[in-house]
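# A structural walkthrough
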Amino acid sequence: MNRELHAEAAKPLKGWRVLVPRGGPWGDSVAATLRAQGAVPVIAPLINFAPSTDQATLEAALADLAAGAFDWVTLTSATTVDVLYAYRAVIPASTRVAAVGETTAAALTAVGYRVDLVPDEDNSAAGMAAQMIELEPQPRRILTLRSEIAKPVLTRRLTEAGHDVRSVVAYRTVGVPVTERIAHDVASGRINAILVTSGSVAEQVHLQFPEIPEATIVAAIGPRTAKDARKAGLGVSAVAREQTIEGLIAAVSRFPLPHAADEFAV
């Protein structure tokens, strides 16, 4: 009896089906963590990146990065990591790496890059800028990689602080349509929880799943993502206390399983 209770405690998400909104090494890592806790992960990438409209500028920046031209490189989304990985970008030991939050940091480590800085509290471009300015009182050479629609908050604040900043558009975000089966599983409640890891993911969740049952847990990885999700029109059930994948999954595990859907239901 005690052994059974221990097994249940070790697998708090037994019976859950959880939608993982990104694929690749990051999605595989999240799926493995979910399986270890008894859940069935459903990997359904909702966003992907399209090439920058100025690939020559991006390629030149990545070549300079590999050559050691920068003291820092900053990444403000996990999608930027996908771009680095796709280009097989090299980050030399002399260049420090700043990630805006734990999702981006996890994406970096999942594909073999190191992380030197994650903001302690404010996981935003402004929070990253403030911490870097505090760490680096002397002018540094900084490469900021961003999406086409990102506001230039980080670049502007670092430049105002006296740093030599090169801001480069790394990608355009595009939605990835899910299969009819996954859309049906969400609408029917067969998916018990949806992980939301960014504002872009939140927008796609709202767009692609217009009817999410009330019992389905929508979990945001942090307060900022929760704010973006609500702005996109989602009802957020849970917000991770720690802005990590483990924290996000723990936020889901605090809820009872909404209902035991038939694994083989159509």
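As a reminder, the structure under discussion sits directly above these lines.
Source: prediction; values computed, not measured.

What counts as what
- Residues numbered from 1 in each chain as written.
- Predicted model: local features only at pLDDT ≥ 70, side-chain atom pairs only at ≥ 80, totals over all residues.
- Heavy atoms only, no water.
- Buried < 20%, exposed > 50% of the residue type's maximum accessible area, 1.4 Å probe, protein only.
- Helix = DSSP H or I, 4+ residues; strand = E, 2+ residues; numbered from the N terminus.
- Arc of directions from axis to C-beta.
- Contact = heavy atoms within 4.5 Å.
- Pairing = 2+ DSSP bridges.
- Axes fitted to C-alpha atoms, helices over the stretch in contact; angles between N-to-C directions.
- Polar contact = N/O pair within 3.5 Å; in protein donor to acceptor, adjacent residues only side chain to side chain.

On to helix 7 (residues 153-160). Taken together, the buried positions of helix 7 are occupied by Leu-154, Thr-155 and Leu-158. For helix 7, the angular spread of the buried residues around the axis is 95°, confining them to a single face. Buried residues along helix 7 sit in contact with strand 4 (72-75), helix 6 (125-135), strand 6 (141-147) and strand 7 (164-175). At the C-terminal side of helix 7, Gly-162 shows a positive phi close to 100°.

Time to look at the sheet that holds strand 4. Spatial ordering of the open sheet is given by 3-7-6-4-5, a layout of 5 strands whose pairing is mixed. Strand pairing shows two members of the sheet lacking a second neighbour, strand 3 (47-51) and strand 5 (96-99), which therefore form its edges. Taken pair by pair, the neighbouring strands of this sheet meet at an average axis angle of 30°, ignoring direction. Taken together, the 4 bridges between strand 4 and strand 5 define a ladder with parallel strand orientation. Its bridge partner being in strand 5, Leu-75 is matched across the sheet by Ala-99. The strands touched by helix 5 (residues 102-110) are strand 4 and strand 5; relative to strand 5, the strand with the most contacts, the crossing angle is about 135°.

Moving on, we get to the side chain of Ser-77. Here Ser-77 lies in the loop between strand 4 and helix 4 (78-86). Only 2.7 Å separates the side chain of Ser-77 from the side chain of Tyr-171, close enough to count as a polar contact. If we skip the residues at most four places from it in the chain, Ser-77 touches Val-100, Thr-104 and Tyr-171.

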